[in-house]
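Analysis of the macromolecular model
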There are 2 protein chains.
Amino acid sequence: MSFFPASLENLIDKFASLPGIGRKSAQRLAFHILSLPEDEALAFSDAVVDARKSVHCCRICQNLTEGEICAICASDRRDHGTICVVSEPRDVLSIERGHEYQGTYHVLHGALSPMSHVGPEDIRIKELLHRVAEEDVEEVIMATNPDTEGEATAMYISRLLKPFDVKVTRLAYGIPVGSNLEFADDATLNRALEGRTEM
Amino acid sequence: MSFFPASLENLIDKFASLPGIGRKSAQRLAFHILSLPEDEALAFSDAVVDARKSVHCCRICQNLTEGEICAICASDRRDHGTICVVSEPRDVLSIERGHEYQGTYHVLHGALSPMSHVGPEDIRIKELLHRVAEEDVEEVIMATNPDTEGEATAMYISRLLKPFDVKVTRLAYGIPVGSNLEFADDATLNRALEGRTEM
């Protein structure tokens, strides 16, 4: 037997279907929605529909945008000869936060993962090859995550890019700035040693 | 500068305004919404509106319901002479899960808390007094939480109920079933000793 009204049960189910939200959290969120003034609850509902309907992928870099082309691809202040390849739209945000990188991006929307049945056809590799073939690209920076899937994806793409006259680079590995050698894991420390630079 | 499209930023803001959801979780949830098929995203949005519009408080016990009176208050298989007073609708669920209690409930929608400016006017105490005065009530079980606010609320209400010819009881304190004495805190152990029963 369910002890909540049907529409409340339904809302709890919907919240519980979101990633990282368990049954108890879903209940708390649903109760919060019920406690909101009606216009705020409606605004929440509208935000879901608006975002789902108006956000899609940039025709060029596949990042999320509301226009046909995203702000970065449309900007003439960015270096269109450099493409930074990332797995997810949120990774663009991470790199942009540094205010250092001036090139463009390419968002794969995933990483190769045989375990989860994600193959080359399932992520936006074709679109990247098309850009490298058609545009005047000098360098492709592989900025996929430093985990198994990210590494495999970077290796796979760098091999596909071999035939093109383009420099392919990978983000440096090493100890994080401001951290402590004591807390660095062995793999990171070894990569930091291998990648040591002259002072 | 915001790096996401406006409608996506808006959705992230909405998720981040929910209790216990930080900025990063809100981003993850918003990205998940974007990745849903359009009909599922619409169903999520509809669930919010439906629940907010059709759920309200039972006229008698103040628990959440879609009708005028909740299923428990409407049932003639429940003992309407016993009222179990709880703070939140989810507490009704907790007690119902035990399949033991056969009486009705009264949901206060909060607990007295001078620190958070919650006074007797802000929770549904008036409605409880009205029920005790008008209905044929034999026992009121105070089942507010065993914390400072819950205790104060139980004390306050039990004093208000003094003039009525009604038995007022409190849930027993003690060590949780299946737990270990080693892990019980001092206060709980002391209350378990005080409340010891003959075998």
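As shown above, the structure is provided for reference.
First, a word on scope: everything that follows refers to the structure included in this document.

Scoring rules and cut-offs
Residues numbered from 1 in each chain as written. Chains lettered and ligands numbered in written order. Predicted model: local features only at pLDDT ≥ 70, side-chain atom pairs only at ≥ 80, totals over all residues. Heavy atoms only, no water. Core = buried A, V, L, I, M, F, W, Y, C linked by side-chain atoms within 4.5 Å. Buried < 20%, exposed > 50% of the residue type's maximum accessible area, 1.4 Å probe, protein only. Helix = DSSP H or I, 4+ residues; strand = E, 2+ residues; numbered from the N terminus. Contact = heavy atoms within 4.5 Å. Pairing = 2+ DSSP bridges. Axes fitted to C-alpha atoms, helices over the stretch in contact; angles between N-to-C directions. Salt bridge = Lys/Arg side-chain N within 4 Å of Asp/Glu carboxyl O. Polar contact = N/O pair within 3.5 Å; in protein donor to acceptor, adjacent residues only side chain to side chain. Nonpolar A, V, L, I, M, F, W, Y, C, P; charged D, E, K, R; others polar. Right-handed = clockwise from strand over helix to strand, strands pointing away. Least-squares fit on C-alpha atoms with pLDDT ≥ 70 in both. Phe/Tyr/Trp six-rings, centres within 6.5 Å; stacked < 30°, edge-to-face > 60°.

**Considerations on the nonpolar core**
Membership of the largest hydrophobic core comes to 45 residues, with the highest contact counts inside it found for L8, F15 and F44 of chain A together with L8, F15, I33 and F44 of chain B. Secondary-structure elements contributing two or more residues to this core are α1 (6-16), α2 (23-35) and α3 (38-54) of chain A together with α1 (6-16), α2 (23-35) and α3 (38-54) of chain B. Sequence-distant contacts of F15 of chain A, that is, excluding residues within four places in its chain, are made with I21, A26, L29, A30, I33 and F44 of chain A together with F15, L18 and F44 of chain B.

**Some points on the sheet that holds strand β3 (residues 79-86) of chain A**
All names here are of chain A. Judged by pairing direction, the sheet is parallel, and its 4 strands sit side by side in the order β4-β3-β5-β6 without closing on themselves. Two strands lie at the open edges of the sheet, namely β4 (103-107) and β6 (167-170), each paired on one side alone. When the angles between neighbouring strand axes are averaged without regard to direction, this sheet yields 25°. Against the sheet, helix α5 (residues 89-96) makes contact with β3 and β4, and its axis sits at roughly 155° relative to β4, the strand it touches most. Sitting on the sheet, helix α7 (residues 148-161) touches β3, β5 (139-142) and β6, and the angle it makes with β6 is about 170°.

**Here we look at the sheet that holds strand β3 (residues 79-86) of chain B**
All names here are of chain B. In space, the 4 strands of this open sheet follow the order β4-β3-β5-β6, with parallel pairing throughout. The strands lining the two open edges of the sheet, one partner per strand, are β4 (103-107) and β6 (167-170). With strand direction ignored, the average angle separating the axes of adjacent strands in the sheet is 25°. Bridging between β3 and strand β5 (residues 139-142) involves 4 bridges; their strand directions are parallel. For V85, the partnering residue across the bridge sits in β5 and is M142. Packing against the sheet, helix α6 (residues 125-134) makes contact with β3, β4 and β5, and its axis sits at approximately 150° to β4. Here helix α7 (residues 148-161) sits on the sheet and contacts β3, β5 and β6; the angle it forms with β6, its principal contact strand, is near 170°.

**Regarding the side chain of S87 of chain A**
All names here are of chain A. By the secondary structure assignment, S87 is in the loop between β3 and α5. Its relative accessible area of 4% is what places S87 among the buried residues. Non-local contacts of S87, meaning those with residues more than four positions away in its chain, are made with V107, L108, H109, G110, A111, T144 and N145.

**Structural notes on the interface of chain A and chain B**
Facing the 46 residues of chain A at the interface are 46 residues of chain B. Here chain A and chain B share 1 salt bridge between them. Close ionic contact of E38 of chain A with K53 of chain B constitutes a salt bridge, the shortest N to O distance being 4.0 Å. Taken together, the links from chain A to chain B amount to 9 residue pairs in polar contact (both at pLDDT 80 or more). Every element with two or more residues in the side of chain A that touches chain B is listed here: α1, α2, α3, β2 (64-65) and α5 of chain A. The dominant element in the side of chain A that touches chain B, judged by the number of residues it contributes, is α3 of chain A, at 14 residues. By residue class, the composition of the side of chain A that touches chain B is 28 nonpolar, 9 polar and 9 charged.

**A look at the pairing of β4 of chain B**
Burial runs high along β4 of chain B: 5 of the 5 residues are buried. One crossover worth recording links β3 of chain B to the parallel β4 of chain B by way of helix α5 (residues 89-96) of chain B, and it is right-handed.

**Things to note about the relation of the copies chain A and chain B**
Once chain A has been moved 0.0 Å along the axis and rotated by 180°, it coincides with chain B to within an RMSD of 0.1 Å. Both chain copies can therefore be described as sitting about a two-fold axis. Of the C-alpha atoms belonging to chain A, the one lying closest to the rotation axis is found on S45 of chain A, 2.2 Å away. A share of 100% of interface residues in chain A that are also interface residues in chain B marks the association as one of identical surfaces.

**As for the packing of aromatic side chains**
Within this structure, the stated rule accounts for 8 aromatic pairs over all chains. A ring pair is formed by F4 of chain A and F31 of chain A, whose centres lie 5.5 Å apart and whose planes are at 80°; its orientation type is edge-to-face. Here the residue F4 of chain A occupies a position in the segment before α1, and F31 of chain A occupies one in helix α2, the gap between them amounting to 27 residues. In this structure, F4 of chain A and F31 of chain A share a single accessibility class: buried. Both rings, one in Y101 of chain B and one in Y105 of chain B, keep their centres 5.2 Å apart while their planes meet at 65°; by these two values the pair is edge-to-face. Using a relative accessible area of 16% as the deciding quantity, one classes Y101 of chain B as buried.

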